[in-house]
Structures are given as structure tokens and as C-alpha cells.
Amino acid sequence: MSNVKYKRVMLKLSGEALAGKNGYGIDFEVTSRIANEIKELVDMGIQVGAVVGGGNIWRGRNGENMDRTTADYMGMLATCINALGLQDSLESIGVDTRVQTAIEMKEVAEPFIRRRAMRHLEKGRVVIFAAGTGNPYFSTDTTAALRAAEIEADVILLAKKVDGVYDKDPHKYSNAKKYDKLNYIEVLEKGLQVMDSTATSLCMDNSIPIVVFGLDAPGNIKKAVLGEKIGTIVSK
Ligand code: UDP
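As the structure is a prediction and not an experimental result, all values here were calculated from the model. (Residues numbered from 1 in each chain as written. Predicted model: local features only at pLDDT ≥ 70, side-chain atom pairs only at ≥ 80, totals over all residues. Heavy atoms only, no water.)

> Quick question: what am I supposed to make of the overall build of the protein chain here?
Scanning the protein chain from terminus to terminus reveals eight helices and 11 strands. In terms of overall dimensions, the protein chain is globule-like: its C-alpha atoms have a radius of gyration of 17 Å, near the 18 Å expected for 236 residues. Dimensions of the protein chain, computed from C-alpha atoms along their principal axes, come out at roughly 55 × 50 × 35 Å. When contacts within the protein chain are restricted to residue pairs at least 6 apart in sequence, long-range pairs at least 24 apart make up 71% of them. Put simply, the protein chain shows about 11,300 Å² of open surface, and 47% of that area lies on carbon and sulfur atoms. The averaged location of the 30 negative side-chain charges in the protein chain is 4 Å from the averaged location of its 31 positive side-chain charges. (Helix = DSSP H or I, 4+ residues; strand = E, 2+ residues; numbered from the N terminus. Rg over C-alpha atoms; globule rule 2.2 N^0.38 Å. Contact = heavy atoms within 4.5 Å. Areas by Shrake-Rupley, 256 points an atom, 1.4 Å probe, with all protein chains shown as cover. Lys, Arg positive; Asp, Glu negative; His and termini not counted. Charge placed at Lys NZ, Arg CZ, Asp CG, Glu CD.)

> What am I meant to see in the UniProt feature "binding site: UMP" (unreviewed entry) in the protein chain here?
Mapped onto the present numbering, the UniProt feature "binding site: UMP" (unreviewed entry) falls on G54, D72, T133, G134, N135, P136, Y137, F138, S139 and T140. Spatially, the listed residues are clustered: although they cover 87 residues, their C-alpha atoms lie within 14.3 Å of one another. Topologically, D72 is positioned in helix 3 (residues 68-91). Residue D72 is classed as buried on the basis of its relative accessible area, which comes to 9%. Ignoring anything within four residues of it in the chain, the contact list for D72 reads G60, P136 and Y137. Looking at the element boundaries, F138 is found in the loop between strand 5 (126-130) and helix 5 (140-150). In this view, F138 contacts T133 and T198; residues no more than four positions away in its chain are not counted. (UniProt positions renumbered as here; feature names shortened; annotations may be inferred. Buried < 20%, exposed > 50% of the residue type's maximum accessible area, 1.4 Å probe, protein only.)

> Please explain the sheet that holds strand 2 (residues 47-52) as it appears in this structure.
Through backbone hydrogen bonds, the strands of a sheet pair up, either in parallel or in antiparallel fashion. If you walk across this open sheet you meet the nine strands as 4-3-5-2-1-6-10-11-9, and the pairing is mixed. The open sheet terminates on both sides in strands that have one partner only, identified here as strand 4 (110-111) and strand 9 (181-183). Sheet topology note: the strand 10 (residues 210-214)/strand 11 (residues 232-235) ladder contains three bridges and is antiparallel. Of the residues in strand 11, the one forming a bridge with V212 is T232. (Pairing = 2+ DSSP bridges.)

> What is the right way to look at the packing of helix 2 (residues 28-43) against helix 3 in this model?
Each pair of packed helices gets described by two things: the angle between the helix axes and the distance between those axes. Where helix 2 meets helix 3, the closest approach of the two axes is 8 Å, and the angle between their N-to-C directions is 60 degrees. Considered as vectors, helix 2 and helix 3 are oriented oblique to each other. Helix 2 and helix 3 meet at a crossing whose hand is right-handed. In this structure, helix 2 contributes F28, T31, S32, I34, A35 and I38 to the contact, and helix 3 contributes G85, L86, S89 and L90. Of the residues in the contact of helix 2 with helix 3, the class split is six nonpolar, four polar and no charged. (Axes fitted to C-alpha atoms, helices over the stretch in contact; angles between N-to-C directions. Parallel < 35°, antiparallel > 145°, perpendicular 65-115°, else oblique. Left-handed = near helix turned anticlockwise from the far one by under 90°. Nonpolar A, V, L, I, M, F, W, Y, C, P; charged D, E, K, R; others polar.)

> Explain the side chain of N56 here, please?
Relative to the helices and strands, N56 is located in the loop between strand 2 and helix 3. At 3.0 Å, the side chain of N56 forms a polar contact with the backbone oxygen of G25. With residues near it in sequence (within four places) discarded, N56 still touches G15, E16, L18, A19, Y24, G25, I26 and N82. (Polar contact = N/O pair within 3.5 Å; in protein donor to acceptor, adjacent residues only side chain to side chain.)

Below is the structure:
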């Protein structure tokens, strides 16, 4: 534990990250690789909370002609499917987990109860937070920021398809520049694609650092926790 920089972490996995090459649904090779990386952290005594997105199944903005709140509830339900998928991958390798949902579905998972979540973490269980914040018009990035503040996480590990924060889209521009460090105001002022502005502001107000890194390279989650220089760190 001595070289560990963060003791309690909030891992944010976008839905896209779980989809693997297919771009849709859950790729269980990917969730199983992520589960093994999470297990390494748990074995090191690190407390792990995880927020999963839903974009691999449904995003509110997919429902162009739909009532926005209905479309968002569909998105929140999509995150529950992902949460159960990740839970299964973790449990299959012997990691104790609990899924807590912001929308009650007690036959499927526990409701979100902060004190209970903290207790699970202290006991070394991975807590997966599903159904976003339970409110439409929010994102799972905001959920990660909110739950991180609530459970007093030391950091948000924002696992992405890209390996950090760039000044422009690295897939489109070969001269895109990667930032090593940023502060919250720079992210907001430059409109950088880190998290949405609500999530970034919440992290800023609560001084929660965010490490943005690529999930494709194996071992990155552990490197982020050890404080090794990967991706981009957003802090005060
Ligand atoms: N969502 C919501 N409220 C929340 C969190 C999520 O309404 O608190 C809905 C929203 O429609 C969003 C979808 O759930 O598009 C999936 O979440 P998100 O887009 O953040 O997933 P990701 O991009 O991380 O896969």
C-alpha cells in the first residue's frame, strides 16, 4: 500500500468502453479484462467504487423525437444492464461486489444508500453505482462526480477510449496536442472534452482530482492509482 497514491477511488467506465470492438452491447472479454484490473486494486487494499455509463446501449440523445425525460430514463436503465454485466465479471473471479441503483429495483440490486455503500467499501467490496443520479438531464459523468463526493473518494479515474485530454480530436487531427495537466477552469474555458461542464464543476467545487486515461492499454487503471504519469490529470 505504501506506494499507492489513492486509497479510495471512483472508476468511471463509459458504456462505449464496455462495448469493445462491436461498438454496441457488452463485450465480455472487455469486462473480464477490466474486472481483472479492478481485482488487482482490491488485492492491494484499495477501495473501489465504479460508475458505469450506458452509451453502448442507449443515450437520452438517441431519442430525437422522444420525450426527453423518457429517453433519459431509458439511458439510466441501460446503465443497470451494464452494471450487472460488470458485476458478473467481477464475481466470476471472486471479487465481492454490490450494485446500488439510484432508481429502486430491489429484486435486482440494492438501492443507493450512502452509509451502506461506505460500509461495503470498507469491507473490500466493489460498489457499482447504477441508474446514474436517478434524474433525467444528467449524465453518468455527473453521477461519478456526485458519488465520488458522497463516498469521499480521493480521485476519479476516468477511463476513456482516448488516452488523455487533447486540444482537438486526435482521431481527426494528427497535430492534436495532449495535455499532461489541466486545472478545472481551463477545462471549462477551453470547452475540452473531459467531462460535461456540470460534472467538471462538481469536481472543482469539491476538489476531486480526475485522471483521464485510455482503457485500451492493459494495466492503466493500476498505473493511475499508483500515481504514474499516464493520460491527463485535472486538478486545482
Ligand atoms: N442518464 C440520465 N441521468 C443520469 C445519468 C444518465 O438521464 O443521472 C441517462 C442519459 O440519457 C444518458 C444515459 O443515461 O445519455 C447514459 O449515460 P451516459 O450518456 O452518461 O453514458 P456514457 O456516455 O458514459 O456511456
